[in-house]
Amino acid sequence: MIRADGIHLLLDLSGHTRHNRLPLFAWKPAPVQAHLAGYFATTGVKEMDYLLGDPYVTPAARENHFTETVWRLPECYACFTPRIRR
């Protein structure tokens, strides 16, 4: 269905968390596949093209631990704004 729909970019947002869909990515249903946000480490799936990271979670010195090509954002990729109590 993904191929038939012409999906060009397929994103994984769960990694190795519960109920993930990583086996789907091993079939390479989209020309570009990327992992981000849901899991901090490599998926280990060789068909996963990219991992969106940052200098803290995916430091350049550790790139050899990832099966994906790391696209590194300049700052933290996980945004958090604490709740303001009044």
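Residues numbered from 1 in each chain as written. Predicted model: local features only at pLDDT ≥ 70, side-chain atom pairs only at ≥ 80, totals over all residues. Heavy atoms only, no water.

Colleague: I'm lost on a nonpolar patch on the surface in this one. Help?
Modeller: Residues Leu9, Leu11 and Leu13 make up a contiguous nonpolar surface patch of roughly 290 Å² in combined accessible area. Structurally, Leu11 is set in strand β1 (residues 9-12). Given a relative accessible area of 43%, Leu11 falls into the partly exposed group. (Patch = residues over 30% accessible without salt bridge, like charges linked within 9 Å, V, L, I, M, F, W, Y side chains within 5 Å. Areas by Shrake-Rupley, 256 points an atom, 1.4 Å probe, with all protein chains shown as cover. Salt bridge = Lys/Arg side-chain N within 4 Å of Asp/Glu carboxyl O. Helix = DSSP H or I, 4+ residues; strand = E, 2+ residues; numbered from the N terminus. Buried < 20%, exposed > 50% of the residue type's maximum accessible area, 1.4 Å probe, protein only.)

Colleague: Got a minute to help me understand unusual backbone geometry in this structure?
Modeller: Note on backbone geometry: most residues besides glycine have negative phi, and most peptide bonds are trans. One non-glycine residue with positive phi stands out, namely His19, at about 65 degrees. Mapped onto the fold, His19 is located in the loop between β1 and α1 (22-25). The class of His19 is exposed, set by a relative accessible area of 62%.

Colleague: So what exactly am I meant to see when it comes to the pattern of salt bridges here?
Modeller: Enumeration according to the criterion identifies two salt bridges in this entry. Two residues, Asp49 and Lys28, come together in a salt bridge whose shortest N-O distance is 2.5 Å. With Asp49 in the loop between β2 (32-35) and β3 (50-53) and Lys28 in the loop between α1 and β2, this pair connects stretches of sequence that are 21 residues apart. What makes Lys28 partly exposed here is its relative accessible area of 25%. A salt bridge links Glu63 to Arg72, with the nearest nitrogen and oxygen atoms 2.8 Å apart. Using a relative accessible area of 33% as the deciding quantity, one classes Glu63 as partly exposed. Judged by its relative accessible area of 29%, Arg72 falls in the partly exposed class.

Colleague: How do you make sense of the nonpolar core when you look at a structure like this?
Modeller: Looking at soluble globular proteins, one finds that nonpolar side chains tend to be buried together. Core analysis: the biggest nonpolar cluster contains six residues, these being Leu10, Leu22, Phe25, Ala30, Val45 and Met48. Excluding residues that lie within four positions of it along the chain, Leu22 makes contacts with Asp12, Gly15, His16, Thr43, Val45 and Met48. (Core = buried A, V, L, I, M, F, W, Y, C linked by side-chain atoms within 4.5 Å. Contact = heavy atoms within 4.5 Å.)

Colleague: Whenever I open this one, the side chain of Thr43 confuses me. Can you help?
Modeller: Of note, Thr43 is situated in the loop between β2 and β3. The exposure class assigned to Thr43 is buried, which follows from its relative accessible area of 4%. A polar contact of 2.5 Å, which involves the side chain of Thr43, links it to the side chain of Glu68. When sequence neighbours within four positions are dropped, the list of residues in contact with Thr43 reads Asp12, His16, Leu22, His35, Met48, Thr67 and Glu68. (Polar contact = N/O pair within 3.5 Å; in protein donor to acceptor, adjacent residues only side chain to side chain.)

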